[in-house]
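# Inside the fold
Take a look at the letters that make up each chain.
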Amino acid sequence: MKSSYRSRLVGVFGSPVDENPSVVMNEAAFAAAGLDWRYITMLVEPQDLAAAFAGLRAMNFEGVNLTIPHKVEGMKYVDEISPGAKLIGAINHVVRKGDRLVGDNTDGKGFVEGLRHAGMELTGKSIVVLGAGGASRAICVECALAGCTEIQILGRTASKAGEIADIVNNNACIARALPWEGTARIPACDILINATSVGLAPDPNCPDIRYEDIVPGMFVQDVIPNPLDTLFLQKARQRGAKTGSGLSMLVQQGAIGFTLWTGQKAPLEAMQRAMEQENASQ
Ligand code: NDP
C-alpha cells in the first residue's frame, strides 16, 4: 500500500485554453522529478474566476498558472503579490503557502533566464522591445531589474508604450516610448525583442519593421513559442544577427514556476525535450 493516494494538484486557468501546451511541459517535469503531482488544464470564463479560486482553495490545490484573460483580474483573488508582479500589474503564477495564495509573475523572469542560457547577460545592455502588451510589460520590468541601461519600446498604441516607459524609467535605466506607424525604424541596440503577438501560429506574418536596420552584432529574440522559427527570426538571421526563439522563455518561466511550487530544482532538460517533441508532432 502507498502512504498516500492523493496527488498534489496544480494547473492553469484560461479562456481559451484548449491549445495551451503547458501541461506537457509540467507533467514531464513532475515525471522526471519523480513527483506525484498533476497539472490540469481548466477552462475558466471571466465571470467564473472568483468561483474557480474558491474551488482551488477548497480542493487544496498547490497553486495555478493564469493565462489570458485572467492575468490582471486574478490579482483580486490572492492574499499576497510579489513586488515584481505588482510593478508589472499582472500575475501568471499562484502558489499556496499554508492557507494563503501568493501571486507572482514569471514571464519576464523566464525571459531573462532564457537570454542568460543563450549567453546574453543584460547588465549595461540597451534593448528595443516591439509591442506594449502584457509580455512586453513583464519583459521591460525584469530587464530593467536585471541591469539594462536603456530600454526603447515601440508601441502601435502609444499610450501603452508610454505607460511601460513611465514604470521602468529610473536613474539606472533610461526608458522611452517610440511611436510605431507604418514600417518602424529600429534604433541601434544590443538586443531586439519581438513582444507583439505577430507571428503566433497560425499567423505567418512578421512585425512591420525596417529589417535593414538589423546588424550582425545584434541579438534578436522572439517571444513567440510556436512556430519555433518565426519569419521575424529568419529575417534577422538573413541580416547576420544571432537569434533566440520564444521556447526558451516558455521553458524558463515553467522552470521558475515548478520551483516556486515544489521547492525543487526544475528538470530543465526534460521540460525542453517535452516541448520540442510536442512542437515536432504538430
Ligand atoms: P497582448 O495582447 O497583451 O499584447 C500584444 C501586443 O502586440 C500589443 O502591444 C499589440 O498592440 C501588439 N500587436 C499586435 N498586433 C500588432 C501588429 N500587427 N503590429 C504591431 N503591434 C501589434 O499579449 P501578450 O503581451 O500577453 O502576448 C504577446 C505574445 O507573447 C503572444 O504571442 C504570446 O503567445 C507571447 N507570450 C509568450 C510567452 C512565452 O513564454 N514564450 C509568455 C507570454 C506571452 P496594441 O496594444 O496596439 O493592440
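Residues numbered from 1 in each chain as written. Predicted model: local features only at pLDDT ≥ 70, side-chain atom pairs only at ≥ 80, totals over all residues. Heavy atoms only, no water.

Where helix 5 (residues 134–145) contacts helix 6 (residues 158–168), the two axes come as close as 10 Å, and the packing angle between them is 25°. Between helix 5 and helix 6, the angle is such that the two are roughly parallel. In this structure, the crossing between helix 5 and helix 6 has a hand that is right-handed. Contacts from Ser136, Arg137, Cys140, Val141 and Ala144 in helix 5 reach Glu163, Ile164, Ile167 and Val168 in helix 6. (Axes fitted to C-alpha atoms, helices over the stretch in contact; angles between N-to-C directions. Helix = DSSP H or I, 4+ residues; strand = E, 2+ residues; numbered from the N terminus. Parallel < 35°, antiparallel > 145°, perpendicular 65-115°, else oblique. Left-handed = near helix turned anticlockwise from the far one by under 90°. Contact = heavy atoms within 4.5 Å.)

All right, on to unusual backbone geometry then. Between Ala201 and Pro202 the backbone carries a cis peptide bond, its omega angle lying at 10°. Along the chain, the position of Pro202 falls in the loop between strand 10 (191–194) and strand 11 (219–222). Cis peptide bonds are those with omega within 30 degrees of zero, and the linkage from Asn226 to Pro227 qualifies with 5°. At Asn60, a residue that is not glycine, the phi angle is positive and equals roughly 55°. Mapping Asn60 onto the fold places it in the loop between helix 2 (49–58) and strand 3 (63–66).

The final tally for this structure, using the stated rule, is one cavity of 30 Å³ or more. Here the largest cavity defines a volume of roughly 30 Å³. In terms of lining, the largest cavity is formed by Asn26, Asn65, His93, Thr106, Gln253, Gly254, Gly257, Phe258 and Trp261. Here the element with the most residues in the lining of the largest cavity is helix 8 (residues 247–262); it accounts for five residues. Partitioning the lining of the largest cavity into residue classes produces two nonpolar, seven polar and no charged. (1 Å grid on protein atoms, 1.4 Å probe; cavity = no way out; pocket = protein on both sides within 12 Å on 5 of 7 lines; lining within 4 Å. Points joined across faces, edges and corners; volume = space filled by probe spheres on them. Nonpolar A, V, L, I, M, F, W, Y, C, P; charged D, E, K, R; others polar.)

Turning next to the nonpolar core. If you look at the biggest cluster of nonpolar residues, it comprises 32 residues, and the most contacted ones within it are Leu122, Ile127, Cys143, Ile151, Val168 and Ile193. Contributions of two or more residues to this core are made by helix 4 (107–117), strand 7 (126–130), helix 5, strand 8 (150–155), helix 6 and strand 10. The leading source of residues in this core is helix 5, at six residues. Counting only domains with at least three residues in this core, you end up with domain 1 (8–106 + 248–281) and domain 2 (108–245). (Core = buried A, V, L, I, M, F, W, Y, C linked by side-chain atoms within 4.5 Å. Buried < 20%, exposed > 50% of the residue type's maximum accessible area, 1.4 Å probe, protein only. Domains from an automatic or database assignment.)

Right, let's talk about the site of the ligand for a bit. Taken together, 20 residues sit near the ligand, with Ala135, Arg156, Thr157, Lys160 and Val223 positioned nearest. Arg156 is positioned with one of its side-chain polar atoms (N or O) 2.8 Å from an oxygen atom of the ligand. Within the backbone of Leu250, an N or O atom sits 3.2 Å from an oxygen atom of the ligand. With the chains in place, 75% of the 930 Å² that the ligand exposes on its own is no longer accessible. (Near = heavy atom within 4 Å. Polar contact = N/O pair within 3.5 Å; in protein donor to acceptor, adjacent residues only side chain to side chain. Areas by Shrake-Rupley, 256 points an atom, 1.4 Å probe, with all protein chains shown as cover.)

Turning our attention to the domain arrangement of the protein chain. Interface size is commonly expressed as the accessible area that is lost once the parts come together. We note that the domain assignment places domain 1 (8–106 + 248–281) and domain 2 (108–245) within the protein chain. Counting each side, the surface lost to burial between domain 1 and domain 2 is near 1,400 Å², with a carbon and sulfur contribution of 62%. Salt-bridge contacts for Asp104 lead to Lys109; the nearest nitrogen and oxygen are separated by 3.0 Å. Our enumeration of links across domain 1 and domain 2 arrives at five residue pairs in polar contact (both at pLDDT 80 or more). Listed by contribution, the elements that provide at least two residues to the side of domain 1 that touches domain 2 are helix 3 (83–88), helix 8 and helix 9 (268–280). Its residues placed into classes, the side of domain 1 that touches domain 2 shows six nonpolar, seven polar and one charged. (Buried area = accessible area lost by both parts, 1.4 Å probe. Salt bridge = Lys/Arg side-chain N within 4 Å of Asp/Glu carboxyl O.)

Moving on: the pairing of strand 3. Within a regular beta strand, the side chains point alternately toward one face of the sheet and then the other, so they alternate between its two faces. What you see with strand 3 is no split at all: Gly63 and Asn65 on one side and Val64 and Leu66 on the other are buried throughout. In this structure, strand 1 (residues 8–14) lies alongside strand 3, joined through two bridges in parallel fashion. Residue Phe13 lies in a different strand from strand 3, and its bridge partner there is Leu66. Inspection of the sheet shows strand 3 paired to strand 5 (residues 93–97) by three bridges, in the antiparallel sense. Residue pairing in the sheet places Val64 in a bridge with Val94 of strand 5. (Pairing = 2+ DSSP bridges.)

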